[in-house]
Amino acid sequence: MLQPLRQGLPPMDLASVSDAASCALPARYEAVREARRFTRVTLDTWELGDRFDDVCLVVSELVTNALRHAMPAVPGPRSCEQAPAVRLHLMHWSERLVCAVRDPSQDSPVAREDTEDFSAESGRGLFLVDSFSDSWGWHPLAGTLGGKVVWALFRLRPAG
């Protein structure tokens, strides 16, 4: 089990963030497509489109993990208003980009130890997050929000 990590995560003081964007995602697997679209538009707006492939892969894995492992199983039909939200946050500092996915579960992410079976159809999400980002971690949320945030950090080249 992974312990909550804050190492490498930029200060969460929003005043120090040069750009930030977030979107709520429905509790359906189609939300992964929406997360990729949102990421594309946001990175293009921030002139970071050259980082899209790596960032999009990580965003897809984090959102998929939140939907697969962190959403409560509620039998029967439910509306998006009833389902606890998964939320994607993108934050841009001058030399760093953070992708963070908030979900309603307080359970820690579990990285699969056996990543040798590359023919497996699932189970390598956190391995991919670790491989394509510069660092990643998670931390529980306090107060009325509850749940946790799983984040991945990308270092950016200085402008100029």
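Refer to the preceding data block for the structure.
Figured I'd write up the structure that's included with this text.

Definitions and cut-offs
- Per chain, the residues get numbers from 1 upward, laid out in the order the sequence is written.
- Given that this is a predicted model, residues contribute local features only at a pLDDT of at least 70 and side-chain atom pairs are listed and counted only at 80 or more, while totals for whole chains, interfaces and linings are drawn from all residues.
- With hydrogens and water excluded, all non-hydrogen atoms of the structure serve as input to the side-chain values.
- Only DSSP runs of H or I reaching four residues or more are called helices, and only runs of E reaching two or more are called strands; each is numbered from the N terminus.
- Three labels apply to residues, based on accessible area from a 1.4 Å probe with only protein chains included: buried if under 20% of the type maximum, exposed if over 50%, partly exposed otherwise in between.
- Working definition: a ring pair exists when centres of Phe, Tyr or Trp rings (six-membered ring for Trp) sit within 6.5 Å. Plane angles under 30 degrees give stacked, over 60 give edge-to-face, the rest tilted.
- Charges are assigned to positions over rings by a cutoff of 6 Å between ring centre and Lys NZ or Arg CZ, combined with an angular limit of 35 degrees from the ring normal.
- The rule for pairing is simple: two strands pair if DSSP sees at least two bridges between them.
- Helix axes are fitted only over the stretch in contact, all axes being lines through C-alpha atoms; the angle between N-to-C directions runs from 0 to 180 degrees.
- Contacts: residue pairs with any heavy atoms within 4.5 Å of one another.

1. A few points about unusual backbone geometry
Here comes step 1: Residue Glu47 is not a glycine yet carries a positive backbone phi of 60°.
Here comes step 2: Tracing the backbone shows Glu47 in the loop between helix 1 (31–45) and helix 2 (52–70).
Here comes step 3: Since its relative accessible area comes to 70%, Glu47 is described here as exposed.

2. Quick word on the packing of aromatic side chains
Here comes step 1: Applying the stated criterion to the full structure yields zero aromatic pairs.
Here comes step 2: The ring of Phe52 has Arg40 lying over it, and the distance from NZ or CZ to the ring centre is 3.7 Å.

3. Brief notes about the sheet that holds strand 2 (residues 86–92)
Here comes step 1: Strand order in the open sheet made by the five strands is 1-2-3-5-4, with antiparallel pairing throughout. Two strands in the sheet have a free side with no partner beyond their single neighbour: strand 1 (19–25) and strand 4 (135–140). If you compare each strand with its neighbour and ignore which way they point, the axes differ by 15° on average.
Here comes step 2: The pairing of strand 3 (residues 96–103) with strand 5 (residues 148–155) spans eight bridges and is classified as antiparallel. Counterpart to Arg96 in the pairing with strand 5 is Arg155.
Here comes step 3: Against the sheet, helix 2 engages strand 1, strand 2, strand 3 and strand 5, with an angle of about 15° to strand 3.

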